[in-house]
2 protein chains.
Amino acid sequence: MAGTNSERQLLREGPVIILVEPQMGENIGMVARAMANFGLAELRLINPRDGWPNDKAQAAASKADHVIEGTKVYETLEQAVADLNFVYATTARQRDGFKPVRSPVAAAETLRAKFRAGEGTGILFGRERWGLNNEEVALADEIVTFPVNPAFASLNIAQAVLLMSYEWMKSGMEDVSAVPFQAMSQTQSTKEQLFGLYDQLEEALEARNYFHPPAKKPKMVDNLRAVLSRRAFTEQEISVLRGVISSLDRFSRKYPRGSRPPVDAKEQSEDDSSAE
Amino acid sequence: MAGTNSERQLLREGPVIILVEPQMGENIGMVARAMANFGLAELRLINPRDGWPNDKAQAAASKADHVIEGTKVYETLEQAVADLNFVYATTARQRDGFKPVRSPVAAAETLRAKFRAGEGTGILFGRERWGLNNEEVALADEIVTFPVNPAFASLNIAQAVLLMSYEWMKSGMEDVSAVPFQAMSQTQSTKEQLFGLYDQLEEALEARNYFHPPAKKPKMVDNLRAVLSRRAFTEQEISVLRGVISSLDRFSRKYPRGSRPPVDAKEQSEDDSSAE
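Here the structure is a predicted model, which is why all the values come from computation and not from measurement. (Residues numbered from 1 in each chain as written. Chains lettered and ligands numbered in written order. Predicted model: local features only at pLDDT ≥ 70, side-chain atom pairs only at ≥ 80, totals over all residues. Heavy atoms only, no water.)

Some words on the overall build of chain A
For chain A, the helix and strand inventory stands at 10 helices and 7 strands. If you sum the accessible surface of chain A, you get close to 14,900 Å²; carbon and sulfur atoms cover 49% of it. (Helix = DSSP H or I, 4+ residues; strand = E, 2+ residues; numbered from the N terminus. Areas by Shrake-Rupley, 256 points an atom, 1.4 Å probe, with all protein chains shown as cover.)

Describing the pairing of strand S4 (residues 86-90) of chain B
Residue and element names in this part refer to chain B. With 5 of 5 residues buried, S4 is to be regarded as a mostly interior element. Side-chain alternation along S4 places Phe86, Tyr88 and Thr90 on one buried face and Val87 and Ala89 on a second face that is also buried. Sheet topology places S4 next to strand S6 (residues 121-125); 4 bridges connect them, and they run parallel. Across the sheet, residue Val87 finds its bridge partner in S6, namely Gly122. In this sheet, strand S7 (residues 142-144) lies alongside S4 in parallel orientation, the contact comprising 3 bridges. (Buried < 20%, exposed > 50% of the residue type's maximum accessible area, 1.4 Å probe, protein only. Pairing = 2+ DSSP bridges.)

Side note on the pattern of salt bridges
Residue and element names in this part refer to chain A. Under the counting rule described, the total for this entry stands at 26 salt bridges over all chains. Here Glu206 makes a salt bridge to Lys217, at a shortest N to O gap of 2.4 Å. Note that Glu206 is positioned in helix H8 (residues 191-206) and Lys217 in helix H9 (residues 217-229), a separation of 11 residues in sequence. The partly exposed category is assigned to Glu206, whose relative accessible area is 37%. For Lys217, a relative accessible area of 29% translates into the label partly exposed. (Salt bridge = Lys/Arg side-chain N within 4 Å of Asp/Glu carboxyl O.)

What about the relation of the copies chain B and chain A?
Superposing chain B onto chain A requires a rotation of 180° together with a translation of 0.0 Å along the rotation axis, leaving an RMSD of 0.1 Å. Interpreted geometrically, this transformation is the action of a two-fold axis. The residues that chain B uses at the interface reappear at the interface of chain A in 100% of cases, marking a shared surface. (Least-squares fit on C-alpha atoms with pLDDT ≥ 70 in both. Contact = heavy atoms within 4.5 Å.)

Re the packing of helix H1 (residues 25-37) of chain A against helix H7 (residues 157-171) of chain A
To characterise two packed helices, one gives the angle between the axes of the helices and the distance between these axes. Residues and elements named next belong to chain A. At a closest axis distance of 8 Å, the pairing of H1 and H7 adopts a crossing angle of 15°. Here H7 runs roughly parallel to H1, going by the angle between their axes. In this structure, H1 meets H7 at a crossing whose hand is right-handed. For the pair formed by H1 and H7, the contact residues are Asn27, Met30, Val31, Ala34 and Met35 on the first element and Ile157, Ala158, Val161, Leu162 and Ser165 on the second. By residue class, the composition of the contact of H1 with H7 is 8 nonpolar, 2 polar and no charged. (Axes fitted to C-alpha atoms, helices over the stretch in contact; angles between N-to-C directions. Parallel < 35°, antiparallel > 145°, perpendicular 65-115°, else oblique. Left-handed = near helix turned anticlockwise from the far one by under 90°. Nonpolar A, V, L, I, M, F, W, Y, C, P; charged D, E, K, R; others polar.)

Comments concerning the interface of chain B and chain A
At the interface, 63 residues of chain B touch 63 residues of chain A. Together chain B and chain A conceal approximately 5,100 Å² of surface at their shared face, both sides included; 64% is due to carbon and sulfur atoms. Connecting chain B to chain A are 2 salt bridges. For the salt bridge of Lys170 of chain A with Glu167 of chain B, the shortest nitrogen-to-oxygen distance reads 2.6 Å. At the junction of chain B and chain A, the tally comes to 14 residue pairs in polar contact (both at pLDDT 80 or more). (Buried area = accessible area lost by both parts, 1.4 Å probe. Polar contact = N/O pair within 3.5 Å; in protein donor to acceptor, adjacent residues only side chain to side chain.)

Comments concerning the sheet that holds S4 of chain B
Residues and elements named next belong to chain B. As summarised here, the arrangement of the 7 strands in space is S3-S2-S1-S6-S4-S7-S5, forming an open sheet in which the pairing is parallel. The open sheet is flanked by strand S3 (72-74) and strand S5 (101-102), the only strands paired with a single partner. Two elements, S5 and S7, share 2 bridges in a ladder whose sense is parallel. The residue bridging Arg102 from the neighbouring strand is Val144, located in S7. Along the sheet face, helix H5 (residues 104-116) touches S4, S5, S6 and S7 and points at about 160° away from the line of S4.

Examining the packing of aromatic side chains
Inspection of the entire model under this criterion finds 11 aromatic pairs over all chains. With 5.3 Å between their ring centres and 75° between their planes, Phe86 of chain A and Tyr88 of chain A make a pair best called edge-to-face. Take Phe86 of chain A and Tyr88 of chain A: they sit in the same class, and that class is buried. Seen in terms of ring centroids, Phe195 of chain B and Tyr198 of chain B are 5.9 Å apart; in terms of plane orientation they differ by 35°. Their pairing is tilted. (Phe/Tyr/Trp six-rings, centres within 6.5 Å; stacked < 30°, edge-to-face > 60°.)

Re the nonpolar core
Grouped together as the largest cluster of nonpolar side chains are 78 residues, with contacts concentrated most on Ile17 and Leu19 of chain A together with Ile17 and Leu19 of chain B. If we ignore the near neighbours within four places in the chain, the residues touching Leu19 of chain B are Ile28, Val31, Leu43, Arg44, Leu45, Ile46, Phe125, Ile157 and Val161 of chain B. (Core = buried A, V, L, I, M, F, W, Y, C linked by side-chain atoms within 4.5 Å.)

Some words on a nonpolar patch on the surface
Residue and element names in this part refer to chain A. A cluster of nonpolar side chains, namely Val240, Val244 and Leu248, defines an oily patch on the protein surface of about 290 Å² accessible area. With respect to the secondary-structure elements, Leu248 resides in helix H10 (residues 235-250). A relative accessible area of 64% means that Leu248 is categorised as exposed. (Patch = residues over 30% accessible without salt bridge, like charges linked within 9 Å, V, L, I, M, F, W, Y side chains within 5 Å.)

Considering the environment of Ile157 of chain B
Residue placement: Ile157 of chain B occurs in helix H7 (residues 157-171). When the C-alpha atoms of Ile157 of chain B and Arg129 of chain B are compared, they prove to be 9.7 Å apart, with 28 residues separating the residues in sequence.

A look at H8 of chain A
Residue and element names in this part refer to chain A. The end-to-end C-alpha distance of H8 is 22 Å, a good match for the 22 Å that 16 residues give at a rise of 1.5 Å each. What H8 keeps buried is the set Leu194, Gly196, Leu197, Tyr198, Gln200, Leu201, Glu202, Ala204 and Leu205. Of the surrounding elements, those touching the buried residues of H8 are H9 and H10. (Expected span 1.5 Å × (residues − 1).)

Details of the sheet that holds strand S4 (residues 86-90) of chain A
All names here are of chain A. With respect to topology, 7 strands assemble into an open sheet ordered S3-S2-S1-S6-S4-S7-S5, the strand pairing being parallel. Each edge of the open sheet is held by one strand with a lone partner, namely strand S3 (72-74) and strand S5 (101-102). Strands S4, S5, strand S6 (121-125) and strand S7 (142-144) of the sheet are contacted by helix H5 (residues 104-116), whose axis makes an angle of about 160° with S4.

Structural notes on helix H1 (residues 25-37) of chain B
In this model, H1 of chain B (13 residues) spans 19 Å end to end at C-alpha, consistent with the 18 Å of a helix rising 1.5 Å per residue. Judged by how many residues are buried, H1 of chain B sits mostly within the fold: 11 of 13 residues are covered. When H1 of chain B is considered as a whole, its buried residues turn out to be Gly25, Asn27, Ile28, Gly29, Val31, Ala32, Arg33, Ala34, Met35, Ala36 and Asn37 of chain B. Here the buried face of H1 of chain B lies against H7 of chain A together with strand S1 (16-20), strand S2 (43-46), helix H2 (55-60), helix H3 (65-70) and H7 of chain B. With its phi angle positive at about 85°, Gly39 of chain B sits one or two positions after the end of H1 of chain B.

Some remarks on the packing of helix H8 (residues 191-206) of chain B against helix H10 (residues 235-250) of chain B
Residues and elements named next belong to chain B. Orientation of H8 relative to H10, taken along the N-to-C sense of each, is 15°, at an axis distance of 10 Å. Compared by their axis directions, H8 and H10 come out roughly parallel. Note that H8 runs across H10; the crossing there is left-handed. On H10, the residues touching Gln193, Leu194, Gly196, Leu197, Gln200, Leu201, Glu203 and Ala204 of H8 are Glu235, Ile238, Leu241, Arg242, Ile245, Ser246 and Asp249. Looking at side-chain class alone, the contact of H8 with H10 contains 7 nonpolar, 4 polar and 4 charged residues.

Such coordinate-based values are descriptive only and should not be taken to indicate function.
Right, dumping it as structure tokens:
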């Protein structure tokens, strides 16, 4: 499939992104890339200032060729939305009007519901310099606006498309905290494994007279165990720690404290990570 | 305050954004802008390729001068995170390791909780070409990754910063569906007002023999009322609609159907929007 070296399936669904009189080809390209990142594919342009196709757009799209190649150009916004059922207008500033104003999260949920119901949907983005005019906003069903820092509110058009595309993708996830890959799987240690660590460490410390004076030993043990028990170590981690303690407990230094190891030094502890 | 013409307070809080060996000044500038959009202010760079300060970064920052001016440069990542308590590493690909992997939503919630507890936090972003190496990831507490289209997963560094900054801002909002401004306030109509609309319209239609044959009138009335009742009209909308019906009902055409109004035509209905 064009625009990707991956064998994985390209997602091609979701709202049409509609840019009204975009000025910079670079921005159109970055919009295409942002769309591709989050599985959107259909881009429509109303009267792009520098015509279409546009080399700068192609270059900035960074391999989102399938979006660029499928881009359609229209003379009027009415034509561009004619086949759609539901359209959002993005705007950074308040409009006098009665259209509902939604956050990106709420808008994405609405778009997802309409997509699942088989409706054609779109999101309008205005010109780089001054956005959408009131007549253009009036052609939309609802307004979407971004929760930006009020003192620094100007979002670049590609950034605005990125955020809506991102929220669109999240709206299709059952769990927005889901991630595409996980840490390597580890098993939480049993208490017995943890107690084994306590025993080993406390015995090694006892042999060095760490618990001194003896009257304080119970409190010192409590404190030490508190440090270790808070960590919720896994089996693998307990094993690593026991290897470390073993090494410190059994072997004497090969080179003085604070100096660098000799180049050919092979630490004995490397063979000892499986603990005693 | 530098970097904005607004009198509103600049937000200056939240995680430090740390770019490891960034290459393009334009990207650094776009990162600064994205940060400013969502209320982040503290940017740190490890060995930026083209040195610092950087004119291209300044230009691309688009008035986020307070971020650019406050940017600090470090020689090593260890130095850049030395004063922080908790650090995320961003990465697009799976690492062999045991670090927890979080979504942007979950990571932002964690960062917000740590911020509220007074901890210093940061987010690491890697080089444009190949991200962070394993040793750099190892310096972080947890990993954050983005829910992108698997077939087109490469996020630009400024886009990645934008998404994390956006989720940071959202994590501070009580309601992620909140919006900074609302549609003009309207009052939902009472049933009496709706029934007034029914009566007016049905009377005007009856006078034109719309309900024909008479046996079908009850069903036709049902259908008509279903169309109107589904809309949940406000008081103001009922008033507009009654003005429209009034105009259609009372006045005859000034010019033929399908033709354009004469230039000096002033429609009588303009004075009639307050209904009968």
